[in-house]
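Residue-level structure breakdown
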Amino acid sequence: MKKIIPLVLIIIILSGCAAVSGTYSDSFFAMDTYMTVTVNGKNAEKAVKDAEAEIKKLDKKLSAHSGSSEIYRLNKNGSAKLSRESSELIKQALKFNRLTDGAFNPAMLGVSELWGFSDKKYKVPSDKELAEALKKVKPEIITVKNNTVNLNVKGMKIDLGGIAKGYTSEKIVKLLKKQGIDSALLNLGGNVQALGSKPDGSGWNIAIENPNKKSYLGQLAVKDKAVVTSGGYERYFKKNGKIYYHILNSKTGKPAESGLKSVTVISGSGTLADALSTSLFVMGEDKAVKFWAKSDMNFDIILYTTDGDLKISEGLADKFKSDINYSVIKRPDYE
Ligand code: ADP
Ligand code: MG
């Protein structure tokens, strides 16, 4: 098990001066990862503390592993009345399951438990065990009505790990805005979301880590955007020289080996960026590019293949800087 932190290094350039008044930043551990919240403006310290408290509250609600969470209760009983927040996020997760033709699958906890990703006691399950567990993965028959969620299959278990951090960053941005904050940067374990711009009005510079080396794929300047990366290099275990990572293909129940090393999704919505970065990683390059080209949702992508090819979608052309050769994917080429 190896977790490289941070997945995305954030370079905060505050006009060459670290002590700009009204900037407050704090790091803490939540949702099984390291997080940093940086806020500029009046009452910045209070805003960061409030954000941290809210993130920890959401973690308690949404974690599939904590015995006191709403999701744990739902998984244990097969149906449960949840808070509006949890049931809304489940609805969103099910929406992305449909939109991505099953690549995003929030009902695979039973399968990922077989691999030991929940309790970190890693093992390689047999094909028979996987086939049995996959029989219980049927997100299409989950119902959500008046905040009551019914899984409708005995033993099916929900896991919001592929979407919860993006949802959380989006929620925190809304909370900060309500407090009158217009400049902030969140890094929730590689899920980055920028509110507004840096105090000098320029975009936040986000460095995208290179999964192969201790260097970067490039750098992106963004305002009011989430930048979310999914990769097989982030959480994994090694057995007999083979690497097994935590993003699973719901058709096979095995780690998604799709030819991609990492996928970054850039969008105004943190929830969308998180769900789609996981989904496109499962899809692989060809399907991911087609999905992006045909989608009416507004997002950009950075794909890095196991062969070392780097590709960015056309919307990033004037924002992305890199020392590595990369190509620009244009929508008309796929229509
Ligand atoms: P991370 O949370 O590690 O930053 P992701 O957003 O890609 O990365 O989410 C991976 C997590 O999502 C896994 O740890 C697991 O909880 C869950 N997951 C694994 N495979 C899938 C999948 N195909 N669809 C949706 N969620 C998944
Ligand atoms: Mg994700």
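About the criteria used
- Residues numbered from 1 in each chain as written.
- Chains lettered and ligands numbered in written order.
- Predicted model: local features only at pLDDT ≥ 70, side-chain atom pairs only at ≥ 80, totals over all residues.
- Heavy atoms only, no water.
- Helix = DSSP H or I, 4+ residues; strand = E, 2+ residues; numbered from the N terminus.
- Rg over C-alpha atoms; globule rule 2.2 N^0.38 Å.
- Buried < 20%, exposed > 50% of the residue type's maximum accessible area, 1.4 Å probe, protein only.
- Contact = heavy atoms within 4.5 Å.
- Areas by Shrake-Rupley, 256 points an atom, 1.4 Å probe, with all protein chains shown as cover.
- Lys, Arg positive; Asp, Glu negative; His and termini not counted.
- Charge placed at Lys NZ, Arg CZ, Asp CG, Glu CD.
- Donors = N, O, S within 2.8 Å, 3.2 Å for Na, K, Ca; no water.
- Phe/Tyr/Trp six-rings, centres within 6.5 Å; stacked < 30°, edge-to-face > 60°.
- Near = heavy atom within 4 Å.
- Polar contact = N/O pair within 3.5 Å; in protein donor to acceptor, adjacent residues only side chain to side chain.
- 1 Å grid on protein atoms, 1.4 Å probe; cavity = no way out; pocket = protein on both sides within 12 Å on 5 of 7 lines; lining within 4 Å.
- Sits in = over half its atoms within 2 Å of the grid points.
- Nonpolar A, V, L, I, M, F, W, Y, C, P; charged D, E, K, R; others polar.
- pLDDT = per-residue confidence, 0-100.

What follows covers the overall build of the chain. Helix and strand content of the chain: eight helices and 18 strands. Radius of gyration (C-alpha) of the chain: 19 Å, near the 20 Å computed for a compact globule of 335 residues. Summarising its shape, the C-alpha atoms of the chain cover approximately 60 × 45 × 40 Å along the three principal directions. Split into buried and exposed, the 335 residues of the chain put 53% on the buried side. Considering only residue pairs separated by 6 or more positions, the chain has 60% of its internal contacts joining residues 24 or more positions apart. Within the structure as shown, the chain displays about 15,400 Å² of accessible surface, and the carbon and sulfur contribution to it stands at 49%. A distance of 5 Å separates the average location of the 51 positive side-chain charges in the chain from that of its 37 negative side-chain charges.

Before going further, it helps to examine the coordination of the magnesium ion (ligand 2). For a metal with four tetrahedral donors the ideal donor-metal-donor angle is 109.5 degrees, while six octahedral donors give ideal angles of 90 or 180 degrees. Around the magnesium ion (ligand 2), the protein contributes the donor atoms G162 (O), D274 (O), D274 (OD) and T278 (OG1), at 2.0 to 2.5 Å from the metal centre. Each donor residue of the magnesium ion (ligand 2) lies on the same chain, and together they follow the pattern G-x111-D-x3-T. Here D274 pairs with T278, and both are found in helix α7 (residues 270-283), just four residues apart, close to one helical turn. Residue class for D274 comes out buried when judged on its relative accessible area of 4%.

Glancing now at the environment of G315. By the element assignment, G315 lies in the loop between β16 (310-313) and β17 (320-321). Looking at G315, the relative accessible area reads 30%, which means it is partly exposed. When the C-alpha atoms of G315 and K330 are compared, they prove to be 8.7 Å apart, with 15 residues separating the residues in sequence.

Before going further, it helps to spend a moment on the packing of aromatic side chains. Enumeration according to the criterion identifies nine aromatic pairs in this entry. Summarising the aromatic geometry, the rings of Y245 and F281 are spaced 5.7 Å apart at their centres and angled 75° between planes, so their arrangement reads as edge-to-face. Here F281 lies in helix α7 and Y245 lies in strand β13 (residues 242-245), a separation of 36 residues in the sequence. Accessibility classification places Y245 together with F281 in one group, the buried group. Ring geometry for F291 versus F299: centroids 6.4 Å apart, planes at 40°, classification tilted. Looking at F291, the relative accessible area reads 14%, which means it is buried.

A few words now on the site of ligand 1. Around ligand 1 sit 16 residues, and of these N105, D159, S230, L248 and T278 come closest. G162 places a main-chain nitrogen or oxygen 3.0 Å from an oxygen atom of ligand 1. Between H246 and ligand 1, the recorded distance is 2.8 Å, taken from a side-chain N or O atom to an oxygen atom. Contact with the protein chains covers 92% of the free accessible surface of ligand 1, which is 560 Å². Counting atoms within 2 Å of the grid points, the majority share of ligand 1 lands in the largest pocket. For the shell around ligand 1, the class distribution of residues is six nonpolar, six polar and four charged.

On average, the chain scores 92 in pLDDT, and the residues at 70 or more come to 93%. Predicted confidence for residues 1-20 stays below pLDDT 50, and this span has 51 contacts to residues more than four positions away or in other chains.

Turning our eyes to something else, we now look at the environment of T271. With respect to the helices, strands and loops of the structure, T271 is situated in helix α7. Between the alpha carbons of T271 and G166 there is a distance of 4.3 Å; along the sequence they are 105 residues apart. Among residues more than four places away in sequence, those in contact with T271 are L89, Q92, F96, I163, G166, Y167 and E170.

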